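# Tertiary structure, described
One letter stands for each residue in the lines below.
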Amino acid sequence: LGFANPSRTMTKPENLWRCTHYGPLLATSPARGLRYRETAAEAKLPIYSSKAFASWAIIPQMEDVSVVLVQPGNIAAQSVSGIDISFLPVNDAEDVAIQFVAPLNFDFSAAYLVIPEGMPKQERMADTGGSLARIRTTVTGGMRMRIVIKGVRLGLDGGQTLVRITSWTGGMLQNG
């Protein structure tokens, strides 16, 4: 069993939970076609029961997210540079976590914050290091938020980068 949370609500035909109970392989395959997202191997099995029901709407906790390298600055893999993160939060929060998942070896150990004009106080939290930066700040729903972090060692390889941004309030996860 596996699933992933999408970033937005899917179309009506896709926004369903589906469950199919298959029986054992028969000597002859049942006379039916492929069902939605069914493999060819599964199509050879008899269906004992199935059910589908509507899912819920996805309500994003951050919108218009941007992560860019500070220019002018170093952009080569493993160089030390700055990162400018901005987003429009839907809800209030008190803590933001920024994790660089890929490429490997991003390092925030020597990173420091440069607070953009008009932004609330921002504090680098003690557990910042490796690929994770944690920032204590006041995030207000509906108000654009910017976090600028300098002294970041960029990842091992260049190319596409996977970043996870998560916010909390009162120690409780708001989004991810």
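One structure accompanies this document, and this report is about it. (Residues numbered from 1 in each chain as written. Predicted model: local features only at pLDDT ≥ 70, side-chain atom pairs only at ≥ 80, totals over all residues. Heavy atoms only, no water.)

## As for the side chain of Thr 128
Of note, Thr 128 is situated in the loop between strand E7 (122–124) and strand E8 (132–139). Separated by 2.9 Å, the side chain of Thr 128 and the backbone nitrogen of Arg 134 make a polar contact. Residues within four places of Thr 128 in sequence aside, it is in contact with Phe 108, Ala 133 and Arg 134. (Helix = DSSP H or I, 4+ residues; strand = E, 2+ residues; numbered from the N terminus. Polar contact = N/O pair within 3.5 Å; in protein donor to acceptor, adjacent residues only side chain to side chain. Contact = heavy atoms within 4.5 Å.)

## So, the environment of Gln 160
Tracing the backbone shows Gln 160 in the loop between strand E9 (145–153) and strand E10 (162–169). Look at Gln 160 and you get exposed, because its relative accessible area is 78%. Taking C-alpha positions, Gln 160 is 7.9 Å from Ala 102, a pair spaced 58 residues apart along the chain. Beyond its immediate stretch of four places on either side in the chain, Gln 160 contacts Ala 102 and Pro 103. (Buried < 20%, exposed > 50% of the residue type's maximum accessible area, 1.4 Å probe, protein only.)

## Details of the pattern of salt bridges
Enumeration over the complete set of coordinates arrives at four salt bridges. Ionic pairing is found between Arg 146 and Asp 84, a salt bridge with its closest N-O pair at 2.5 Å. Of the two residues, Arg 146 sits in strand E9 while Asp 84 sits in strand E4 (residues 80–89), which places them 62 residues apart along the sequence. For Arg 146, a relative accessible area of 31% corresponds to the partly exposed category. Owing to a relative accessible area of 15%, Asp 84 belongs among the buried residues under this scheme. (Salt bridge = Lys/Arg side-chain N within 4 Å of Asp/Glu carboxyl O.)

## Regarding a nonpolar patch on the surface
Side chains of Trp 17, Phe 53 and Trp 56 sit close together on the surface and give an oily, nonpolar patch of about 360 Å² of accessible area. Its place among the elements puts Trp 17 in strand E1 (residues 16–22). In this structure Trp 17 comes out as partly exposed when scored by relative accessible area, which is 36%. (Patch = residues over 30% accessible without salt bridge, like charges linked within 9 Å, V, L, I, M, F, W, Y side chains within 5 Å. Areas by Shrake-Rupley, 256 points an atom, 1.4 Å probe, with all protein chains shown as cover.)

## Focus: the packing of aromatic side chains
Scanning all chains against the criterion turns up two aromatic pairs. Each ring, one from Phe 100 and one from Phe 106, has its centre 4.3 Å from the other, and the planes form 25 degrees; the classification is stacked. For the pair formed by Phe 100 and Phe 106, the shared burial category is buried. Ring plane angle 45 degrees and centroid distance 5.6 Å describe the contact between Phe 100 and Phe 108, whose orientation is recorded as tilted. (Phe/Tyr/Trp six-rings, centres within 6.5 Å; stacked < 30°, edge-to-face > 60°.)

Nothing here speaks to function; it is geometry throughout.
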